[in-house]
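Okay, here's what each chain looks like letter by letter:
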Amino acid sequence: MPTFRAYDGSELTATVLGAPAEPVVVLPGGPLQASRYLGNLGGLDAHRELVVLELPHRRVDRIVGDVEALREHLGVEAIDVVAHSAGSSLALLYAAVYPDRIRKLALVTPSLRAVDIPPTQDEQRAIYEQRAHEPWYAEARLAVDAEDAGVVTPEQRRLAKPFVYGRWDDVAQAHAAAEEAEATLDAHAIYYADGAFDPEATRTALTKFSGDVLVLVGGTDPVSPVRLGVDLAELFVHAEVVVQPGAGHFPWLDDPEWFVATLTRFLAAS
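About the criteria used
- Sequence positions are assigned chain by chain, starting from 1 and proceeding in written order.
- Note on the predicted model: pLDDT of at least 70 is required for a residue's local features to be given, and 80 or more for side-chain atom pairs to be given and counted; whole-chain, interface and lining totals, by contrast, use all residues.
- To get the side-chain values, all heavy atoms of the structure are used, and hydrogens and water are removed first.
- Whether a residue is buried, partly exposed or exposed follows from its accessible area with a 1.4 Å probe, protein chains only, as a fraction of its type maximum: under 20%, in between, or over 50%, in that order.
- Working definition: helices are DSSP H or I runs of at least four residues, strands are E runs of at least two. Numbering for both runs from the N terminus.
- The criterion for strand pairing is that DSSP finds at least two bridges linking the strands in question.
- Pairs were defined over the aromatic rings of Phe, Tyr and Trp, the Trp ring being its six-membered one, requiring ring centres within 6.5 Å. Orientation was assigned from the angle between planes: stacked under 30 degrees, edge-to-face over 60, tilted for the rest.
- The criterion for a charge sitting over a ring is simple: Lys NZ or Arg CZ within 6 Å of the ring centre, and within 35 degrees of the ring normal.
- What counts as a salt bridge is simple: a side-chain nitrogen of Lys or Arg found within 4 Å of a carboxyl oxygen of Asp or Glu.
- In this description, a nonpolar core means a group of buried Ala, Val, Leu, Ile, Met, Phe, Trp, Tyr and Cys residues linked to one another through side-chain atoms lying within 4.5 Å.
- Two residues qualify as a contact provided that any one of their heavy atoms is within 4.5 Å of a heavy atom in the partner residue.
- Given the number of residues in a helix, its expected span is that number minus one, multiplied by 1.5 Å.
- Regarding the arc, it is the one traced by the directions from the helix axis to the C-beta atoms.

Student: Explanation requested: the pairing of strand β6 (residues 102–108) in the structure shown.
Tutor: In summary, the side chains of a regular strand alternate between the two faces of the sheet. Burial within β6 is extensive, with six of its seven residues counted as buried. Of the pairings in the sheet, the one linking strand β5 (residues 79–84) to β6 comprises six bridges and is parallel in character. By the bridge assignment, V82 is partnered in β6 with A106. As defined by bridge partners, β6 adjoins strand β7 (residues 212–218) across five bridges and the pair is classed as parallel. Across the sheet, residue L107 finds its bridge partner in β7, namely V215.

Student: Where do I start with the packing of aromatic side chains in this structure?
Tutor: Each pair of aromatic rings is reported with the distance of its centres and the angle of its planes. This model, assessed by the stated rule, comprises 13 aromatic pairs. Ring centres 5.6 Å apart and planes at 45 degrees place the aromatic pair Y165 and W168 in the tilted group. A connected cluster of aromatic rings, assembled from ring pairs, spans Y37, Y165, W168, F250, W252 and F259. Directly above the aromatic system of F266 lies the positively charged group of K104, at a separation of 4.9 Å from the ring centroid. Sitting over the ring of Y192, R113 keeps its end group 4.0 Å from the ring centre.

Student: Honestly, the pattern of salt bridges in this entry has me stumped. Any pointers?
Tutor: Oppositely charged side chains can form a pair if their charged atoms are brought close together. Per the stated rule, a full pass over the model turns up 18 salt bridges. Among the salt bridges present, the one from R131 reaches E134, with a minimum N-O distance of 3.6 Å. For E134, a relative accessible area of 22% translates into the label partly exposed. Between D231 and R227 there is a salt bridge, with the nearest N and O atoms lying 2.9 Å from each other. A residue pair is termed a helical-turn pair when its members lie 3 or 4 positions apart in one helix, as D231 and R227 do in helix α9 (residues 226–233) at four residues. What makes D231 partly exposed here is its relative accessible area of 25%. Accessibility expressed as a relative area gives 29% for R227, which makes it partly exposed.

Student: Help me understand the nonpolar core, please; the structure alone is not making it clear to me.
Tutor: Looking at soluble globular proteins, one finds that nonpolar side chains tend to be buried together. Among the nonpolar cores identified, the biggest contains 47 residues, and L27, L90, L92, Y191 and L232 are the most heavily contacted of them. If we ignore the near neighbours within four places in the chain, the residues touching L90 are L27, L55, V60, I63, V64, V67 and Y191. Residues V24, Y37, A106 and A176 belong to the second largest nonpolar core, which totals 25 residues.

Student: Got a minute to help me understand helix α11 (residues 256–268) in this structure?
Tutor: For an α-helix the count is 3.6 residues per turn, leaving residues at separations of three or four pointing the same way. In this model, α11 (13 residues) spans 18 Å end to end at C-alpha, consistent with the 18 Å of a helix rising 1.5 Å per residue. Along α11, the residues classified as buried are F259, V260, T262, L263, F266 and L267. One side of α11 carries all its buried residues, which in axial view fall inside an arc of 160 degrees. Exposed residues lying more than 90 degrees from the buried face of α11 are E257, R265 and A268. Of the surrounding elements, those touching the buried residues of α11 are β3 (23–27), β5, β6, β7, β8 (239–244) and α10 (251–254).

Given below as structure tokens:
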């Protein structure tokens with residue numbers, strides 16, 4: 001697990017997965033989730049070396065310099081980046097500040113606070129209703145409706161978890177349980193603290209980004225509905241949207257072969 005110096009002199013850590021090969025920088029979500037929840041991204045490490053940045057506990061815009069420090073540590077002129085969920089806001093801010101330092105950018109089920117593209121309740125409810133046949137649906141739906149009404153408790157978050165997985169099977173349940181145990185206390189307040197974003201400025205900057213962009217969304221993901229991916233792609237010069245059928249917010253769990261084939265094809269394209 002290599003360490004390197006951040007822009008402010010602090011020591012940061014990256015986890016390296018896979019045999020030595022052309023590296024891909026991976027930015028976790030959560031926000032500020034321990035990167036273990038990503039696993040090996042469904043086996044992507046068999047094709048590229050994954051360099052997963054362990055995000056420091058600070059405001060997201062202040063981590064942009066840490067990503068640049070990692071690039072310098074890797075000794076490359078430009079990096080390929082895969083970002084998941086809240087990590088996508090970090091990736092977008094990095095692309096806005098260092099547009100020439102990214103060759104390819106893959107945004108997986110992105111959370112888009114950096115450019116102020118939120119899902120609507122109607123979009124999310126339509127996705128919830130697609131799961132009405134599931135045995136856990138009634139209890140989970142009560143939990144998300146209570147959250148929408150402003151009543152948020154750890155138990156409700158636990159009950160609502162099945163909605164963010166394409167299949168609520170043993171793999172998903174184990175993943176959800178581990179994620180809860182690895183969460184960062186007050187992560188949203190730290191990562192998204194006031195002053196983190198200037199959405200209009202970021203949108204404008206991204207129109208000048210000339211690298212290739214892949215926006216991968218899950219067909220049943222209420223966190224990042226398909227419309228968000230389409231709206232995001234329109235900000236870039238070269239972007240494509242792909243929808244992984246039946247996938248939730250963690251698509252490498254739902255169909256690893258489809259996920260890895262899609263990312264590998266994108267990252268390898270000239």
